[in-house]
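Examination of the molecular architecture
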Amino acid sequence: MPVFPTRTRLAAALAAVLAASAIGAASAQVGPPVRLAPGAAVPPAPPAAAPLAAPDQPSSQHSSQDVTIDQLPPPNVDAQGVLGPNDRPLPADLWQGTSLDEVEALLPKIRPSTSATLQDLAYRLLASPATPPDAGNAPAGALLAYRAERLTALGHPDAALGLLQSIPSPGEDVSRAVVDLGFLSGDTRTACATAHARDPAWQNPFWDQANVTCLALDGKADDAQLGLDMLREAKVKDDGFSALVLKAVGIDAKLPDSLPTPTTMSLVLLQKAGQPLPKRALDAPPSIQRAVALGDGFPPDQRLAAAEKAAAYGAISPERLAQMYLAADLTDDDRQTPLTRAKAAGGARGRAILFCAAHESGQLVAKGNFLVSFLGDSKSELFPALLRAAGPMLVEVPATEDLRSVAPDFARALYALDQPRQAAAWLEIATPEAQAALLPLAHVVDDASAPAWPNQSVTDLAGGRKDGAATRRATAAAQLMEAEGVVLPEQMLLPLADDGPSMPTTGPGAQLAAAALSNRLGMTLLALFATVGDQGIGAQPALAAEAVAALRQVGLADDAHRLAIDIAIAEGI
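On a predicted model such as this, the values are computed, not experimentally measured, just so you know.

Thoughts on helix 11 (residues 263-273)
- Across the 11 residues that make up helix 11, a large majority, 8, are buried.
- For helix 11, the set of buried residues is Thr263, Thr264, Met265, Ser266, Leu267, Val268, Leu269 and Leu270.
- In this structure, the buried residues of helix 11 make contact with helix 6 (172-185), helix 7 (188-196), helix 8 (205-217), helix 10 (241-248) and helix 12 (286-294).
- Residue Gly274 follows helix 11 closely and has a positive phi angle near 70 degrees.

Next comes the structure, spelled out in structure tokens:
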């Protein structure tokens, strides 16, 4: 298992924080760096929040005759978290039985996902305060920095910033990461205060660029231009940074086709200038999409498109996406003929038109049709986020014969939202063929309230032998129901005896099962993300079902149930 040498662990972790969102200072330069003379007029850095005490921290001891006070050891920085008691943190002993080497090796396996359940589990795993594994000779803060890197990669730079701010007496690497994450999360006050208070011995050009950025954000055009002049004299690689600064202070300049480094500074300068993100930068990681979505200086249509992608990967909430849809600037024609206008506009704007039409419609039939059009293809990466954004409206629409043609769509959507009672009403008015196709999903979501099984095999319900994907869907459905404790009649499973893939006995699946059996919560979750891999929850039905069973084994039954539903929808069940 690869590990970092002790002396490089912390440095490597902090470097990874900067790389997580393609951020970092311009490195190419000729001649010595210079510290800029003009200073950014910013308030002093706000005090960091009091660090959380390690769960096993001892308390002072008192005697009846003498008062003796044991000196408390400093809090373990790697035990810090940003989740409070009401934020559903994972247990403080989640790393029990897991080594630091195992954690460091498997943390990179936590990747962005369109599964709301995996998004939530990853965030809670990384952001919960917990007693860290034995670090041996590793420097304090290495695990915290790795957690911050993954939080940044998943689209939570604000949480990553909160973790790094708990490090006492931060050095240059930590302070640079704080500046970048401050810009990336929209906390420019912290970013600029940290840059302004930098140690004079830190001579990397990054600090001078941060100072110039803060001057531009503060509207100090003359000081910002003087800073750019001094950067040029020091022969610091520019990459279009100067053009962004000039635009931000109201001076015309040709913008680059891509985001120059430092990327986080580029984002805030573009926002200040009211300029769009360059086209080459549109395919960005969740943290960048989040910054664009929440940056009110970017063009509305680009913000909306970024919000959809950010919501798809959990970087912003579905409620925030719904708010942005409702705030879209629509024309009278958009409101009068929404279906026609949405089709013509396409993309995020088209969906905003349909969402607003559904929200404003007083006729239930029209509202239902608008919602089905809004959700679109259930196989799209956006579908889970769109579903959750429209969830409150979907629940409001009653099942009526006038909407019988879209009953299967409503039933599937409501089952995906874990609303079996409302879904059952739609299932009841659907055609017999649609009812049969949705039956496995109904039993995965709520076996007790689902209709009885017909005299058909799971393969027949999934589409029959003529459908090339039916066996796969049937296998996934059967394995998910087994993981959820649903007992299927034996005759329904007979066609899968030869066709269905066996459960994994080696590789990530075995590691997952072993960790769950030994009740090692943290290791189970790390193995879960390693099992899912790059292909997502819909790529390996057997391993996905193993993940559901493992979550139940370690006491996360609610998360296991929600993951089973996510997998079923991803599999097309």
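Let's talk about the environment of Asp239
- With respect to the helices and strands, Asp239 occurs in the loop between helix 9 (221-233) and helix 10.
- Judged by its relative accessible area of 38%, Asp239 falls in the partly exposed class.
- When the C-alpha positions of Asp239 and Pro260 are compared, they lie 5.4 Å apart, and in sequence the two are 21 residues distant.

Observations concerning the packing of helix 23 (residues 432-445) against helix 31 (residues 557-571)
- In the contact formed by helix 23 and helix 31, the axes pass within 9 Å of each other and the chain directions differ by 165 degrees. Taken together, the axis directions place helix 23 and helix 31 in an arrangement best described as roughly antiparallel. In the packing of helix 23 onto helix 31, the handedness of the crossing is left-handed. In contact with Leu441, Val444 and Val445 of helix 23, helix 31 contributes His561, Ala564, Ile565, Ala568 and Ile569.
- Within the contact of helix 23 with helix 31, the residues separate by chemical class into 7 nonpolar, 1 polar and no charged.

Some words on the packing of aromatic side chains
- Enumeration according to the criterion identifies 6 aromatic pairs in this entry.
- Three or more aromatic residues joined by ring pairs make a cluster, and in this case those are Trp202, Phe206 and Trp207.
- The ring of Phe206 carries Arg176 above its face, with NZ or CZ at 4.6 Å from the centroid.

Some words on the pattern of salt bridges
- Tallied over the full model, the rule gives 17 salt bridges.
- With its nearest N and O atoms 2.4 Å apart, the salt bridge here joins Arg232 to Asp229. Within this pair, Arg232 and its partner Asp229 are both found in helix 9, separated by 3 residues, close to a single helical turn.
- Judged by its relative accessible area of 47%, Arg232 falls in the partly exposed class.
- We classify Asp229 as partly exposed; its relative accessible area is 33%.

Reading the values: rules and limits
- Residues numbered from 1 in each chain as written.
- Predicted model: local features only at pLDDT ≥ 70, side-chain atom pairs only at ≥ 80, totals over all residues.
- Heavy atoms only, no water.
- Buried < 20%, exposed > 50% of the residue type's maximum accessible area, 1.4 Å probe, protein only.
- Helix = DSSP H or I, 4+ residues; strand = E, 2+ residues; numbered from the N terminus.
- Contact = heavy atoms within 4.5 Å.
- Axes fitted to C-alpha atoms, helices over the stretch in contact; angles between N-to-C directions.
- Parallel < 35°, antiparallel > 145°, perpendicular 65-115°, else oblique.
- Left-handed = near helix turned anticlockwise from the far one by under 90°.
- Nonpolar A, V, L, I, M, F, W, Y, C, P; charged D, E, K, R; others polar.
- Phe/Tyr/Trp six-rings, centres within 6.5 Å; stacked < 30°, edge-to-face > 60°.
- Lys NZ or Arg CZ within 6 Å of the ring centre and 35° of its normal.
- Salt bridge = Lys/Arg side-chain N within 4 Å of Asp/Glu carboxyl O.

Function-wise, these values are silent; they only describe arrangement.
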